[in-house]
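Listed below, chain by chain, are the residues.
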Amino acid sequence: SFWCGECALIGHYFGWWYGLPHYCWLCGQDAREKNRLVKWIRPSSGELIAMSDFLVREFQRNHGIRPGHMIPNAIDPGIYPCGGSMERTIDVLGVGSLSRLKQYDVFVEVAGALTGVFPALRAMICGDGEAEEEIRQMIVRRGLPEHIALPGLVPHSEVLQLMRRAKILLHTSNYEGFGVVCLEA
């Protein structure tokens, strides 16, 4: 199961009932103390796979179970185009789900402050989510529509191209199990 959540609860007991091994890959938020499903799943150490050392420590601290395995995320270098330089036309780029946890309000604040020093600043946030309208409104309230673009959900291959055009990736997330976007950038 990806995430120690509802599907992991079903997977754990399905595996137990049918004598099948079940593994749960901890991805981030599921390691937090507020994950109440852990007490119902009752996973053993050997069933848990964390994607970072941080998640191993976090899950153990919050739930008293040390994940027995750690398999970090990776990126495939083959997805990046070889050779050639690209003009850096994006000053600051943000990529991710537009959830409150990712704190794109901080991104807007930082970009707004930078326009005082760099009046021609060009920033972009790629993604969609429940905070999208709040972020759009904040950009308008701060007078930043000409500085911050919100193209919405962008295909992964295009995001990688945008990263090549960006000078800085600004990742404002409040909590990450393992920020793959930082590896990609």
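Here, every reference points to the structure presented above.
Residues numbered from 1 in each chain as written. Predicted model: local features only at pLDDT ≥ 70, side-chain atom pairs only at ≥ 80, totals over all residues. Heavy atoms only, no water.

Asker: Which residues make up the side chain of Glu-47, and what values go with them?
Answerer: Among the secondary structure elements, Glu-47 is positioned in the loop between α2 (38–41) and β2 (48–50). Only 2.8 Å separates the side chain of Glu-47 from the side chain of His-12, close enough to count as a polar contact. When sequence neighbours within four positions are dropped, the list of residues in contact with Glu-47 reads His-12, His-22, Tyr-23, Cys-24 and Arg-42. (Helix = DSSP H or I, 4+ residues; strand = E, 2+ residues; numbered from the N terminus. Polar contact = N/O pair within 3.5 Å; in protein donor to acceptor, adjacent residues only side chain to side chain. Contact = heavy atoms within 4.5 Å.)

Asker: Before we move on, can you summarise the pattern of salt bridges with the specific residues and values?
Answerer: Taken as a whole, this structure holds seven salt bridges when the rule is applied. As a salt-bridge pair, Glu-176 and Lys-102 come within 2.4 Å of each other at their nearest N and O atoms. With Glu-176 in the loop between β7 (166–169) and α7 (180–184) and Lys-102 in the loop between β4 (90–95) and α4 (104–115), the pair connects residues that are 74 residues apart, well separated along the chain. Note that Glu-132 is salt-bridged to Arg-136, the shortest N-O span being 2.9 Å. In this pair, Glu-132 and Arg-136 are both assigned in helix α5 (residues 132–141), four residues apart and thus about one turn of the helix distant. By relative accessible area, Glu-132 is classed as buried at 19%. (Salt bridge = Lys/Arg side-chain N within 4 Å of Asp/Glu carboxyl O. Buried < 20%, exposed > 50% of the residue type's maximum accessible area, 1.4 Å probe, protein only.)

Asker: Can you lay out a nonpolar patch on the surface for me, pointing to particular residues and giving the numbers?
Answerer: On the surface, a nonpolar cluster with roughly 810 Å² of combined accessible area is contributed by Ile-10, Phe-14, Trp-16, Trp-17, Tyr-18 and Leu-20. Relative to the elements of secondary structure, Trp-16 occurs in helix α1 (residues 6–18). (Patch = residues over 30% accessible without salt bridge, like charges linked within 9 Å, V, L, I, M, F, W, Y side chains within 5 Å. Areas by Shrake-Rupley, 256 points an atom, 1.4 Å probe, with all protein chains shown as cover.)

Asker: Just give me the short version of the pairing of strand β5 (residues 123–126), but keep the residues and values in it.
Answerer: The side chains of a regular strand alternate between the sheet's two faces. Neither face of β5 is exposed, since Ala-123 and Ile-125 on one face and Met-124 and Cys-126 on the opposite face are all buried. As paired strands, β4 and β5 are joined by four bridges and run parallel to one another. Residue pairing in the sheet places Val-95 in a bridge with Cys-126 of β5. Across three bridges, β5 lies against strand β6 (residues 148–152) in parallel orientation. Paired with Cys-126 across the strands is Gly-152, a residue of β6. Chirality of the crossover, the property in question, places the unit of β5, α5 and β6 among those that are right-handed. (Pairing = 2+ DSSP bridges. Right-handed = clockwise from strand over helix to strand, strands pointing away.)

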